[in-house]
Amino acid sequence: MPGTRLDPIDRKILAELQADGRMTNVELAKRVGISAPPCLRRVRTLEEQGYIRGYHAEVDSRELGFEVQVFAMVGLQSQAEADLVAFEMRCRGWPLVRECHMLNGEVDFILKCVAPDLSTFQSFLTSELTAAENVASVKTSLVIRGAKDEPGVPFEVLEERLARDA
């Protein structure tokens, strides 16, 4: 939350939970150097303030049969706010679209999509994405392999910046 200051213990709690969201509160408290009851209160406050948005399992999409990952760069005919919001809402309804980001530049949106096979993605591309209202262009890039997929933020960079500015 803008304007809310996190102390070093809060930041350590966030870093530890980002690395391992399944640890018990007792283990988390031990790692951050406080007892369990205040640790739990801090975690709940961080959740309420929106610093922690949820807890998720990291699943292996290929193990589950989703062999195809594609980035789709989408250009819209109109960039009026209502049209941008309408496209974002439509993306939320497409199960194959796992991420949707509005960009600045020659592309309006980039979508991260997964599919079990190329024919499933092609069907989505031709019957849903390119056919969607206000979509002017779509360019796709098939992922060959991923070199890094690191969720969250680099807490070590935050700590270095705070130490430098202190």
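Owing to the predicted nature of the structure, the values given are computational and were not obtained by experimental measurement.

Student: Can you lay out the overall build of the chain for me, pointing to particular residues and giving the numbers?
Tutor: Per the secondary structure count, the chain includes 6 helices and 4 strands. Each helix and strand of the chain, ordered N terminal to C terminal, gives the series α-α-α-β-α-β-β-α-β-α. Computed over its C-alpha atoms, the radius of gyration of the chain comes to 20 Å, more than 25% above the 15 Å expected for a compact globule of 166 residues. Overall, the C-alpha framework of the chain stretches about 55 × 40 × 30 Å when taken along its three principal axes. With 166 residues in all, the chain has 28% of them scored as buried. The long-range fraction of contacts in the chain, counting pairs at least 24 apart against all pairs at least 6 apart in sequence, stands at 63%.

Student: Residues and numbers for the domain arrangement of the chain, please.
Tutor: Domains assigned within the chain are domain 1 (8-57) and domain 2 (62-142). On a C-alpha basis, the centres of domain 1 and domain 2 stand 34 Å from each other.

Student: Tell me about the UniProt feature "domain: HTH asnC-type" (unreviewed entry) in the chain, and name the residues and values.
Tutor: The feature "domain: HTH asnC-type" (unreviewed entry), as given by UniProt, occupies residues 6-67 in the numbering adopted here. A distance of 41 Å separates the end C-alpha atoms of residues 6-67, which is 53% helix and 0% strand.

Student: Explain unusual backbone geometry residue by residue, including any values.
Tutor: With phi around 80 degrees, Asn134 is a residue other than glycine that occupies positive phi space. Tracing the sequence through the fold places Asn134 in the loop between helix 5 (118-129) and strand 4 (135-142).

Student: Tell me about the pattern of salt bridges, residues and numbers included.
Tutor: Inspection of the entire model under this criterion finds 9 salt bridges. Arg31 is paired through a salt bridge with Glu16; the nearest N and O atoms lie 3.1 Å apart. Of this pair, Arg31 sits in helix 2 (residues 25-32) while Glu16 sits in helix 1 (residues 8-19), placing them 15 residues apart in sequence. It is possible to trace a salt-bridge network through shared partners that takes in Glu16, Glu27, Lys30 and Arg31.

Student: Can you break down helix 3 (residues 36-48) residue by residue, with the values?
Tutor: With 13 residues, helix 3 extends 18 Å between its outermost C-alpha atoms, agreeing within 8% with the 18 Å of an ideal straight helix rising 1.5 Å per residue. When we look at burial in helix 3, the residues that qualify are Cys39, Val43 and Leu46. On an axial view of helix 3, the arc spanned by its buried residues comes to 65 degrees, and they lie on one face. Facing away from the buried side of helix 3 by over 90 degrees, the exposed positions are Pro37, Arg41 and Glu48. On its buried face, helix 3 sits against helix 1 and helix 2. Once helix 3 finishes, Gly50 follows within two positions and takes phi at roughly 90 degrees, a positive value.

Student: Any details on the side chain of Arg11? Residues and values, ideally.
Tutor: Residue placement: Arg11 occurs in helix 1. Apart from residues no more than four positions distant in its own chain, Arg11 is found in contact with Leu6, Phe155, Leu158, Glu159 and Leu162.

The rules behind the values
- In this convention, every chain numbers its residues from 1, walking through the sequence in written order.
- Reporting of local features is limited, given that this is a predicted model, to residues whose pLDDT is at least 70; pairs of side-chain atoms are given and counted only at 80 or more, and all residues count toward the totals for whole chains, interfaces and linings.
- Side-chain metrics in this entry use all non-hydrogen atoms of the structure; hydrogen atoms and water are not considered.
- Put simply, DSSP marks the helices as runs of H or I at least four residues long and the strands as runs of E at least two long, and each gets a number from the N terminus on.
- The globule rule used here is 2.2 Å times the number of residues to the 0.38 power, and the radius of gyration it is set against is calculated over C-alpha atoms.
- Classification of residues uses two cut-offs on accessible area relative to the type maximum, computed with a 1.4 Å probe and protein chains only: under 20% is buried, over 50% is exposed, and between them is partly exposed.
- For this analysis, residues touch if any pair of their heavy atoms sits within 4.5 Å.
- Domains are outlined according to an automatic or database domain assignment.
- UniProt positions are given in the numbering used here, feature names are shortened, and annotations may be inferred rather than shown by experiment.
- Any Lys or Arg side-chain nitrogen found within 4 Å of a carboxyl oxygen on Asp or Glu counts as a salt bridge.
- Take the number of residues in a helix, subtract one, and multiply by 1.5 Å to get its expected span.
- In this context, the arc is that of the directions from the helix axis out to the C-beta atoms.

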